[in-house]
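Reading the structure
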Amino acid sequence: MTTTISVSVPATQDSRRRRPDIGRLLMVPFVTALLIANAARVVTTGMVDLDPVAFAGAALTAAFYALVLWAYARRSPARATSRHWPSHVAAVVASWSVFAFPLLPHGHRGQGVGIAADVFLLAGSAWSLWSLRTLGRSFSVLAQARSLVSSGPYRLVRHPLYLGEIVGAVGLALNVLSWWSIVTWTVLVGLQLYRSVYEERVLAAAIPEYGAYQSSTRRLLPGLV
């Protein structure tokens, strides 16, 4: 049984350069607004004096947004883009589903759960920051192929950025601590796994050396998944 991979591949390097980067045009203004809003929240709430952990989280978030802008400003044209639109929908929903957690009904959580939530949030944010910095010019929300990245956290797993987002979302779910937060986190994990499948198909079709890298690493957890 064979599997057909639907991939859009520009004919030449010149045609890739002439084609406008729609992702950049859409994401740069949006992420800039998030960065400004995050900075304004830090200033207006005085987190430096009131809550060092919250301030650290806000600083990591601001650094992540800044890196996203840096990656979009520098990223190279895509070698190939998936034509599988459900995976694109999954990618967008997974990327922004973290904003749903504060809107969920909140349950009661003790001090220990709050500490665990902070640990997961900071660890996931720091790991995501490292992953994004390593990914650099190859960053994309949608399933696209640019270049093979196998350094930093990508030596350990093929999708460390998704892993960081999943770990950070554990902290968000613990802050809410309800059945709704568990369901939302489970859906997030499923979406990340789903999008990674189609992303790897595009990468394998466009980058010859990706197959060897794929066979020597795990998808999300070293030695497990």
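Right above here is the structure, for reference.
Scope of this entry: the structure provided in the associated data block. (Residues numbered from 1 in each chain as written. Predicted model: local features only at pLDDT ≥ 70, side-chain atom pairs only at ≥ 80, totals over all residues. Heavy atoms only, no water.)

Some words on the pattern of salt bridges
Threshold: Between Lys or Arg on one side and Asp or Glu on the other, a salt bridge is scored when a side-chain nitrogen of the former is within 4 Å of a carboxyl oxygen of the latter. Only protein chains enter the accessibility calculation, which uses a 1.4 Å probe; a residue is then buried when its area is under 20% of its type maximum, exposed when over 50%, and partly exposed in between. Going along the chain from the N terminus, every DSSP run of H or I of four or more residues is numbered as a helix, and every run of E of two or more is numbered as a strand.
Within this structure, the stated rule accounts for four salt bridges. With its nearest N and O atoms 3.7 Å apart, the salt bridge here joins Arg 24 to Asp 21. Given the relative accessible area of 30%, Arg 24 is considered partly exposed. Residue Asp 21 is joined to Arg 75 by a salt bridge in which the shortest nitrogen-to-oxygen separation is 2.6 Å. Residue Asp 21 is found in the loop between helix H1 (13-18) and helix H2 (22-45), and its partner Arg 75 is found in the loop between helix H4 (52-74) and strand E2 (80-82); the two are separated by 54 residues along the sequence.

Thoughts on the nonpolar core
Operational definition: Note on terminology: a nonpolar core comprises buried Ala, Val, Leu, Ile, Met, Phe, Trp, Tyr and Cys residues joined through side-chain atoms within 4.5 Å. Contact between two residues is taken to exist if any of their heavy atoms lie within 4.5 Å; hydrogens are not considered.
Counting residues in hydrophobic clusters, the biggest one holds 32 residues, and the most contacted among them are Phe 64, Val 68, Leu 132, Phe 139 and Leu 161. Elements with a contribution of two residues or more to this core: H2, H4, helix H6 (111-135), helix H7 (160-176), helix H8 (179-206) and helix H9 (210-215). No other element matches H4, which puts seven residues into this core. Setting aside its immediate chain neighbours within four residues, Phe 139 contacts Val 68, Ala 71, Tyr 72, Arg 75, Leu 132, Arg 146 and Leu 161. Membership of the second largest hydrophobic core comes to 10 residues, among which are Ala 90, Leu 104, Ala 169 and Leu 172.

Some remarks on the packing of aromatic side chains
The criterion, for reference: Note on aromatic contacts: the rings of Phe and Tyr and the six-membered ring of Trp form a pair at centre separations within 6.5 Å, being stacked when their planes are under 30 degrees apart, edge-to-face when over 60 apart, and tilted otherwise. Look at NZ for Lys and CZ for Arg. If either is within 6 Å of the ring centre and within 35 degrees of the ring normal, a charge sits over the ring.
Counted by the stated rule, this structure contains six aromatic pairs. Look at Trp 96 and Phe 99: their rings are 5.7 Å apart centre to centre, the planes differ by 25°, and that puts the pair in the stacked class. A relative accessible area of 37% means that Phe 99 is categorised as partly exposed. Connected via pairs of aromatic rings, a cluster forms that spans Phe 30, Trp 96 and Phe 99. The ring of Tyr 198 carries Arg 201 above its face, with NZ or CZ at 4.8 Å from the centroid.

Regarding a nonpolar patch on the surface
Short version of the rule: In this analysis, a patch consists of residues with relative accessible area above 30% that form no salt bridge, clustered at 9 Å for like charges and at 5 Å for the nonpolar side chains Val, Leu, Ile, Met, Phe, Trp and Tyr. Computed with a 1.4 Å probe, the accessible areas rest on the Shrake-Rupley method; for each residue, only the protein chains presented here act as cover.
A grouping of Ile 22, Leu 25 and Leu 26 is seen on the molecular surface, where their side chains present a nonpolar patch of about 330 Å² in accessible area. Given the relative accessible area of 60%, Leu 26 is considered exposed.

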